[in-house]
Amino acid sequence: MSSAASAVSAVSLAARLRGLKPDWISDPKVWRTEVLAGLVVALALIPEAISFSIIAGVDPAIGLFASFTMAVTIAIVGGRRAMISAATGAVALVIAPLNREHGFAYLVAAVILAGAFQVVLGALGVAKLMRFIPRSVMVGFVNSLAVLIFMAQVPEMWNVPWPVYPLLLGGLALMVFFPKVTTVVPAPLVSIVVLTVITVAAGIAVPTVGDKGELPSSLPVPGLPDVPFTMDTLTTIAPYAFAMALVGLMESLMTAKLVDDITDTRSDKTRESIGQGIANIVTGFFGGMGGCAMIGQTMINVKVSGARTRLSTFLAGAFLMVLCIVFGPVVSDIPMAALVAVMVMVSFATFDWHSIAPKTLRRMPAGEIAVMVITVACVVATHNLAIGVVVGSVTAMVVFAKRVAHHAEVTAVLDPEGSTVVYRVTGELFFASSNDLVGRFAYATDPDQVVIDLSAAHIWDASSVAALDTVEAKYAQRGKTVEITGLNIPSADLHGRLSGELTAGH
């Protein structure tokens, strides 16, 4: 190779390597945004992780360890940049009965197995199912999330010392008006620092982070769960592990889609699914309680703080341990009112207010509104986002099937000689529409020759083939012949394979 060619190749390689460098390496502004966003998220994670530990029935340090390992691992192996994964309430609710009935060691084993399930499900393409979730369900998911975030703050505003309320209002005011002064430092961080300084300097007695539980003083140590490696253990933990895997994947993929929409970027959902599994496996080996994407913390990171890279996710986990281990006494003095103010602001920013505007509701189909309301109601009632998404999606399918079923029309045209009648079928033929098809023909009065023209229709399932077979059989009982014409290629293939095979005796 000539020296000139070698030089060109070297320049090309250098250009490619520059393109692989993360944004935060070459852009100080991005670096500042990501670092400060990670710090804000880490501060907000501490009381949340402790609360979820209480739900799961484990020591607060377990939830904090899980948040640390989940965030750091997913920053490396996940598919959605800037998304925060940590210990979550949904996962805590799933595994709490296992911890209560069989002990902490079985919980850890279930977390590892759940991670393995997620890796397998991710490799099998479970992320592709996301395209079947309608927009109305997504809007309901976002709105119910905002409601849950707000509801989770209500206990921190009820039966508390009166200074909590002015502190809360002050924190909200800072987050609303401080960005008008400068956006160099995230407003939530300013709010947390200012309120902490005020309460400590003035000696104001209000609930603090330290009241939630004792912070860990050392890093987690990896190890195997202390359970017998037998089939009995597997059958005990498998149902909980599979439920955790499904709930975790659903929340993570829905959150990833939400961040895609906010940032106008696409993410690799399959990689995210596998990454969630790897993060849970790592978390289990470090004695954590497992987790998934945290929608509230992700909104703080992406929507409030403006983070866009993996650095903020990684630093959120790293800062979490540094804050607990090195600055534990300082962090313990942070008033809960400061963190509650941040989460209240997040809930208002997350809610899709346009979706409930009177102008929008007047134009939206009633079925779409019903799906959104049902999704929100199920999530709020169960405190489980996964249940709401499933129920909302099923409702949307029923609404869609009912709507499409009315589009199948049958019109009859008798030829001038009266010897043949042509039935023209228009629309989509599937189980909902084909059930009425049989009753749309005049079997007794029609002439001996009957033509069913399906050139403007499409056969989707076996129910439609069975309905056409029934129509032919009813005419045959009267000695009349039926000719089916106009089938497109997929419909003809399905009809050819199933016709005559769906009735008794075949």
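Scroll up for the structure.
So, how was this worked out
Residues numbered from 1 in each chain as written. Predicted model: local features only at pLDDT ≥ 70, side-chain atom pairs only at ≥ 80, totals over all residues. Heavy atoms only, no water. Helix = DSSP H or I, 4+ residues; strand = E, 2+ residues; numbered from the N terminus. Rg over C-alpha atoms; globule rule 2.2 N^0.38 Å. Buried < 20%, exposed > 50% of the residue type's maximum accessible area, 1.4 Å probe, protein only. Contact = heavy atoms within 4.5 Å. Areas by Shrake-Rupley, 256 points an atom, 1.4 Å probe, with all protein chains shown as cover. Lys, Arg positive; Asp, Glu negative; His and termini not counted. Charge placed at Lys NZ, Arg CZ, Asp CG, Glu CD. Axes fitted to C-alpha atoms, helices over the stretch in contact; angles between N-to-C directions. Parallel < 35°, antiparallel > 145°, perpendicular 65-115°, else oblique. Left-handed = near helix turned anticlockwise from the far one by under 90°. Nonpolar A, V, L, I, M, F, W, Y, C, P; charged D, E, K, R; others polar. Pairing = 2+ DSSP bridges. Right-handed = clockwise from strand over helix to strand, strands pointing away. 1 Å grid on protein atoms, 1.4 Å probe; cavity = no way out; pocket = protein on both sides within 12 Å on 5 of 7 lines; lining within 4 Å. Points joined across faces, edges and corners; volume = space filled by probe spheres on them. Phe/Tyr/Trp six-rings, centres within 6.5 Å; stacked < 30°, edge-to-face > 60°. Lys NZ or Arg CZ within 6 Å of the ring centre and 35° of its normal.

K.L.:
Let's hear about the overall build of the chain: which residues, and what values?
P.N.:
A tally of helices and strands in the chain yields 21 helices and six strands. The C-alpha atoms of the chain give a radius of gyration of 30 Å, which is well past the 23 Å a tight globule of 506 residues would have. Once the C-alpha set of the chain is aligned to its principal axes, its extents read approximately 100 × 75 × 60 Å. Classification of the 506 residues of the chain by burial places 50% in the buried group. Intrachain contacts of the chain at a sequence separation of at least 6 include 84% that bridge at least 24 residues. A total of about 23,500 Å² of accessible surface is found on the chain, and carbon and sulfur atoms cover 66% of it. Taking the 31 positively charged and 34 negatively charged side chains of the chain as two groups, their mean positions are separated by 10 Å.

K.L.:
Run through the packing of helix 6 (residues 104-123) against helix 10 (residues 231-263), naming residues and quoting values.
P.N.:
Relative to each other, helix 6 and helix 10 sit at 55 degrees, their axes nearing to 7 Å. With respect to helix 10, the axis of helix 6 lies oblique. Of the two possible hands of crossing, helix 6 and helix 10 adopt the one that is right-handed. Where helix 6 abuts helix 10, its residues Tyr 106, Ala 109, Ala 110, Val 111, Leu 113, Ala 114, Phe 117, Gln 118 and Leu 121 lie against Thr 233, Leu 234, Thr 236, Ile 237, Ala 238, Ala 241, Phe 242, Met 244, Ala 245, Leu 246, Gly 248 and Leu 249. Its residues assigned to classes, the contact of helix 6 with helix 10 shows 17 nonpolar, four polar and no charged.

K.L.:
Any chance you could break down the pairing of strand 5 (residues 449-459) for me, citing the residues and the numbers?
P.N.:
Regular strands show a simple pattern: their side chains alternate between the two faces of the sheet. With respect to burial, strand 5 is a largely interior element, eight of its 11 residues being buried. As judged from the nine bridges shared by strand 4 (residues 420-429) and strand 5, these two strands associate in the parallel manner. By the bridge assignment, Arg 424 is partnered in strand 5 with Asp 453. Of the pairings in the sheet, the one linking strand 5 to strand 6 (residues 481-485) comprises five bridges and is parallel in character. Bridge assignment links Val 451 to a residue of strand 6, and that residue is Glu 483. One crossover worth recording links strand 5 to the parallel strand 6 by way of helix 20 (residues 462-476), and it is right-handed.

K.L.:
Tell me about the sheet that holds strand 4, residues and numbers included.
P.N.:
Read across the open sheet, the four strands follow the order 3-4-5-6; overall the sheet is mixed. With one partner strand each, in any of the chains shown, strand 3 (409-414) and strand 6 form the two edges of the open sheet. This sheet shows a mean twist of 20 degrees between the axes of neighbouring strands, independent of strand direction. With respect to the sheet, helix 21 (residues 489-498) is in contact with strand 5 and strand 6, its orientation differing from that of strand 5 by roughly 120 degrees.

K.L.:
A description of the environment of Leu 234 should follow, citing residues and the corresponding values.
P.N.:
By secondary structure assignment, the location of Leu 234 is in helix 10. Note on Leu 234: relative accessible area 37%, which makes it partly exposed. Sequence spacing of Leu 234 and Ala 110 is 124 residues, and the spatial spacing of their C-alpha atoms is 8.7 Å.

K.L.:
Can you explain the packing of helix 20 against helix 21? Please cite residues and give values.
P.N.:
For any two helices packed against each other, the geometry comes down to the angle between their axes and how far apart the axes lie. For the pair helix 20 and helix 21, interaxial distance at closest approach is 10 Å and the crossing angle is 65 degrees. The two elements helix 20 and helix 21 cross, and the hand of that crossing is right-handed. Here Ala 462, Val 465, Leu 468, Asp 469 and Glu 472 of helix 20 lie close against helix 21, whose contacting residues are Leu 494, His 495 and Leu 498. Among the residues forming the contact of helix 20 with helix 21, the class breakdown is five nonpolar, one polar and two charged.

K.L.:
Describe the layout of surface pockets, listing the residues and the values that go with them.
P.N.:
Empty pockets left among the atoms are what a rolling probe the size of a water molecule brings to light. Considered as a void within the structure, the largest pocket measures approximately 760 Å³ in volume. Within the lining of the largest pocket, the residues separate by chemical class into 20 nonpolar, eight polar and four charged.

K.L.:
I'd like a description of the packing of aromatic side chains, backed by residues and values.
P.N.:
Per the stated rule, a full pass over the model turns up nine aromatic pairs. Between Phe 441 and Tyr 475, the ring centres sit 6.3 Å apart and the planes meet at 85 degrees, which makes this aromatic pair edge-to-face. Of the two residues, Phe 441 sits in the loop between helix 19 (431-434) and strand 5 while Tyr 475 sits in helix 20, which places them 34 residues apart along the sequence. Of the two residues examined, Phe 441 and Tyr 475, each falls in the buried class. Considering the side-chain rings of Tyr 443 and Tyr 475, the 4.8 Å spacing of their centres and the 55 degrees angle between planes classify their relative orientation as tilted. Placement of the pair is Tyr 443 in the loop between helix 19 and strand 5 and Tyr 475 in helix 20, with a sequence separation of 32 residues. Exposure class is identical for Tyr 443 and Tyr 475. Each is buried. Positioned above the aromatic ring of Tyr 443 is the side chain of Lys 474, whose terminal nitrogen or guanidinium carbon lies 5.8 Å from the ring centre.

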